[in-house]
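# Topology and contacts: notes
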Amino acid sequence: MHSSVSTSGLALVAWLLVTAGHAAAQTAESPVDLFERTIRPLLLDRCIECHGPTKQEHQVRLDRRSDVLSGSASDIPLIVPGQPGKSRLWQVLQHAEDDIRMPSSGKLDQPALDAVQSWILQGAPWPETADLEADATARLQRWRQHWAFQPVRVPDLSTQPPNIPTIDWLIDRQLQPHGLQRSPAAPAAVITRRLAYAITGLPPELTDLAAARNAEQTGTLSAWLSDYTERLLAQPQYGERWGRYWLDVARYADTKGYVFTENREYADAWRYREWVIRSLNNDQPFDQFIHQQLAADRLPGADDPAQLAAMGFLTLGRRFLNNTHDIIDDRIDLVTRGLMGVTVSCARCHDHKYDPISQADYYSLYGVFASSEEPGGEPSPLRLVDRPQPVEPVIFVRGSPGNRGPAVPRRFPVALSAPDAPAWQTGSGRLELAQAITSPANPLTARVAVNRIWMHLFGQGLVQTPGDFGVRTEKPQHAELLDWLSAEFMASGWSRKTLLRTILRSETWRQSSDRRPDAEPADPENRLLARMNRQRLDFEAQRDSVLAASGQLDRTVGGPSADLASDPAVTRRAVYARIDRQNLPGLFRTFDLASPDAHAPRRYQTTIPQQALFYLNNTFVLNQSSEIARITAAAGDDRIAAVFAQVLRRTPTAAELADCRSFLQTIAELQQQAGQGGWQLGWGSLPENALSVSSFQPLTVVREGRLQGGDQLPDPQLGWVFLSRNGGHPGNDLQHCAIRRWTADNDCRVLLHGVVTHDSDQGDGVRMKVLASDGRLLAETIAANGTQTVAAAGIQLQAGQFVDFVVDCRTNSSHDSFRSKIVVTQAVDGQPVRIWNSEQDFREAPTPRQDPWAQLAQTLLLTNEFSFID
């Protein structure tokens, strides 16, 4: 016992010595030095934006000595010298679950917390001459030095060699300090493919690829590419390609979202899309493009419905259960983030945490849109008009419309305005807003537009956050290039086609996309652009390319939306897809289409199994593969080369030819061995006492989980006949029976078992007959107001023979809905090989097995070569 006490005592003494030494080390620094070294920078970096000279949330100010040492929060002193636990400042820094947590941006790290605790323990020393107000004010004005808020400046080009385009020279200046050079030019065929997709979103024609290779061999490639670029820019498909990009910005949809029982449709939404495509094809100056979308009703031509459709930019957003405040917030976000890269909507409830946007700025713009209304009717249901009496906006304190604060004028955000800029007085102010956005004095709009175009051409923007140019966005690697392009863009009269020509003729854009191991250590993300980025086709370009390969692409420009997600027969370009905001089809989500709920600055690319499964199983892909097989059938011995030309736009190598021949032979052999087995769902005639079905026809129309004969039910010719996973309904007579046909894929012996249920207590029920294709009646039953079974064992079938499970209406054609389940147990050479189940095997869109040539075409559609531009 004595020894144990001694050991504990020694441990306690050692602990006290260590603790005392640690405390001495902490207190060795003078109180003033501690404040200046740790507390002052901490307050400036993490506190004064919300608790400084311009803003005092919760009435707490932390930039002045007197306010800190004598202030309080929640009736608790901010500082109790010597007692951190009783100091409100210390309490909120702990981020306790049941308390306010400061800073709101995240808990301080442990060294910072230790410094604050030590400072309070020492009595919270704060020299009387050490107020932070001046430093805080200067810190809050740092946004003025942020690169994006600086005027667009043309870089010094005095040393640029005359034979090097400006883009390439500016890129080289960034590469040289790292000892790097741009990659060599890509082959002519690759550049041609890039140009075709960059401008039109469609693959190049075979004749153009051949001409490019010839120009490369004769040394005339540069001139040929310039001519080819002009031809592409003159095609209406240019407007379709770049129009789809803009529809992402505009959060385009054909529906309103959830609006209770109100009609969800924007019936004329497509007219806005039409206006966008037409404006792009006409190379409408970008400033006018913006003016019309915000204020077409205030411009010459305001009586033209086609022009007024431009205002769909504002009016086609989500309706938020018709909540006016949310609709206006959506429009503010669309205009400021979509056109200028400024997140003004973050200031709805409080001043912006980072950017120089106040609540007053937000509600100034709120007043603009609150002073506009949608009259409906002619001349355009997409339009806005000014209210007879403009709304005089006020700040909604903490974003609550019921808590009205001080009045604010309708004007542009102060940080982007001249000091003496007057409030807007003309109508709602929408036209003045549009003019302010496109003013040469506004440094943001041109930069945002140029960056977005660069992003679509290179796969990544010069600025990595295309929808946020705020103070937290780092200065781009190629800031001089961004400014030069922005200045050129405005100087050209805001011509997007001119900007495209400038970028597309650069060696930077035409360089190879091959890996550069020598550049990767210094630039793993290729921001220096020592090579071209390899890009994957987006959904629209992929789908359009499949149709182009099969020769089925409908190139009609304009018109209403098409429901291509649910109808595989639609062959229009994907830009014309119907977008249902509330029920966005799974196909679109699978391929990363932008959400139409809000402005989308960019699409994020994913690689998921569902994308490959679409190309393996979807009816659209299978149909187009079969069409490719059909149109190449006449090529004879050159058919493999013809399939390559249709899909990949090139000739196969000798090794690829050999692989394809082997592939085709293997598929043919496998299909011959397996036969064509499985289920077919259809209808046909089975007269009384007949032992075989005549005129079997498949049911091909899919509606709500049913396979039926036509768009309507009952069908004018077939009546009520349909089949579903769990049952179906026969037609009105014995000439329109509902039939499940099972075909043997091998010589086999089968055991059949079926259940048929007639649930209704009315009518005379239904009859099921089980017939072999050779005329054998295998089983028969009648289910009337109940459940019956059918069964047959030891049925010998040869490959290709079938069994029909036929349901008819008997003598009374009313109340004939039925439920059924059929199981076929198949054995080959005495061994069970498969159990076929009519419920589990049900497919809404059954397709016949593809022939080998269609499978070859489908395989090429699955390659990276098809789905990537390079």
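Residues numbered from 1 in each chain as written. Predicted model: local features only at pLDDT ≥ 70, side-chain atom pairs only at ≥ 80, totals over all residues. Heavy atoms only, no water.

The next subject is the overall build of the chain. Each helix and strand in the chain was counted, giving 30 helices and 20 strands. Structurally, the chain occupies a C-alpha span of about 110 × 95 × 75 Å along its principal axes. Residues counted as buried form 52% of the 870 residues belonging to the chain. Of the contacts made within the chain by residues no fewer than 6 positions apart, 65% connect residues no fewer than 24 positions apart. Counting only carbon and sulfur atoms, one obtains 51% of the accessible surface of the chain, whose full area is about 39200 Å². Of note, the chain has its 87 positive side-chain charges centred 1 Å away from the centre of its 100 negative side-chain charges. (Helix = DSSP H or I, 4+ residues; strand = E, 2+ residues; numbered from the N terminus. Buried < 20%, exposed > 50% of the residue type's maximum accessible area, 1.4 Å probe, protein only. Contact = heavy atoms within 4.5 Å. Areas by Shrake-Rupley, 256 points an atom, 1.4 Å probe, with all protein chains shown as cover. Lys, Arg positive; Asp, Glu negative; His and termini not counted. Charge placed at Lys NZ, Arg CZ, Asp CG, Glu CD.)

Bringing the domain arrangement of the chain into the picture now. Looking at the chain, the domain boundaries give domain 1 (5-130), domain 2 (285-439) and domain 3 (674-839). On a C-alpha basis, the centres of domain 1 and domain 3 stand 81 Å from each other. (Domains from an automatic or database assignment.)

Most of strand β15 (residues 766-772) sits inside the fold, with seven of its seven residues counted as buried. A two-sided burial pattern is seen for β15, the buried positions comprising Val766, Met768, Val770 and Ala772 on one face and Arg767, Lys769 and Leu771 on the other. Hairpin connection of β15 to strand β16 (residues 777-783): four residues between the antiparallel strands, including glycine 775 at a positive phi of 95 degrees. One ladder, built from six bridges, connects β15 with strand β18 (residues 802-808); its direction is antiparallel. (Pairing = 2+ DSSP bridges.)

Ordered in space as β8-β7-β13-β18-β15-β16, the six strands form an open sheet in which the pairing is antiparallel. Of all strands in the sheet, those with a lone pairing partner are β8 (694-698) and β16, marking the two edges. Taken over all neighbouring pairs, the strand axes of this sheet differ in orientation by 25 degrees on average, direction set aside. Pairing geometry for strand β13 (residues 737-743) and β18, over six bridges, is antiparallel. In the sheet register, threonine 743 faces β18, and the bridge partner there is phenylalanine 802. (Axes fitted to C-alpha atoms, helices over the stretch in contact; angles between N-to-C directions.)

Another aspect to go through is the packing of helix α23 (residues 539-550) against helix α26 (residues 619-631). Between α23 and α26, the least distance of the axes is 8 Å, while the angle of their chain directions is 25 degrees. In this view, α23 runs roughly parallel relative to α26, as classed from their interaxial angle. Of the two elements, α23 crosses α26, and the hand of that crossing is left-handed. Listed contacts from α26 to Arg543, Val546, Leu547, Ala549 and Ser550 of α23 are Phe620, Gln624, Glu627, Ile628 and Ile631. Counted by class, the contact of α23 with α26 contains six nonpolar, two polar and two charged residues. (Parallel < 35°, antiparallel > 145°, perpendicular 65-115°, else oblique. Left-handed = near helix turned anticlockwise from the far one by under 90°. Nonpolar A, V, L, I, M, F, W, Y, C, P; charged D, E, K, R; others polar.)

Turning to the packing of helix α10 (residues 221-233) against helix α21 (residues 496-504), a few remarks are in order. What describes two packed helices is the angle between their axes and the distance between those same axes. At a minimum axis distance of 11 Å, the contact between α10 and α21 shows a crossing angle of 150 degrees. It follows that α10 is roughly antiparallel to α21 by the angle criterion. Read as a crossing pair, α10 and α21 show a hand that is right-handed. Residues Thr229, Glu230 and Leu233 of α10 touch α21, and the partners they reach there are Lys497, Leu500, Arg501 and Leu504. A per-class count over the contact of α10 with α21 returns three nonpolar, one polar and three charged.

Those residues of helix α25 (residues 609-617) that sit buried are Gln611, Phe614 and Tyr615. Down the axis of α25, the buried side of the element spans an arc of 90 degrees, and every buried residue falls inside it. Those residues of α25 that are exposed and aimed more than 90 degrees away from the buried face are Pro609 and Asn617. Those residues of α25 that are buried lie in contact with α23, α24 (586-590), α26, α29 (852-861) and α30 (864-867). (Arc of directions from axis to C-beta.)

Attention now moves to unusual backbone geometry. That bond from methionine 102 to proline 103 is cis: its omega, -5 degrees, falls within 30 degrees of zero. In this structure, proline 714 follows leucine 713 across a cis peptide bond, with omega equal to 5 degrees. Tracing the chain through its elements places proline 714 in the loop between β10 (706-708) and β11 (722-724). Of note in this structure, phenylalanine 320 is not a glycine but carries a positive phi near 50 degrees. Checked against the element boundaries, phenylalanine 320 lands in the loop between α15 (312-315) and α16 (324-340).

We now examine the pattern of salt bridges. Any two side chains of opposite charge can pair, given that their charged atoms come close. Scanning the model with the defined rule gives 55 salt bridges in all. Put simply, arginine 501 and glutamate 230 hold a salt bridge, and the shortest N to O gap is 2.6 Å. Within this pair, whereas arginine 501 is found in helix α21, its partner glutamate 230 is found in helix α10, the two being separated by 271 residues in sequence. Take arginine 501: its relative accessible area is 28%, and that puts it in the partly exposed class. Residues arginine 430 and aspartate 297 are paired through a salt bridge, measuring 2.8 Å at the closest nitrogen-oxygen approach. Remark: aspartate 297 occurs in the loop between α13 (286-295) and α14 (305-308) and arginine 430 occurs in helix α18 (residues 430-437); sequence separation between them is 133 residues. Residue arginine 430 is classed as buried on the basis of its relative accessible area, which comes to 1%. On the accessibility criterion, aspartate 297 (17% relative accessible area) is buried. Within this structure, Arg244, Asp248, Glu540 and Arg603 form a network of salt bridges that share partners. (Salt bridge = Lys/Arg side-chain N within 4 Å of Asp/Glu carboxyl O.)

Between its first and last C-alpha, helix α11 (residues 237-249) extends 19 Å over 13 residues, near the 18 Å set by a 1.5 Å rise per residue. Glycine 243 marks the point of greatest bend in α11, at about 25 degrees. Counting buried residues in α11 gives 13 out of 13 residues, a clear majority hidden from the surface. Looking at the residues trailing α11, positive phi occurs at arginine 251, about 45 degrees. (Expected span 1.5 Å × (residues − 1). Bend = angle between axes of the 7 residues up to and from the residue.)

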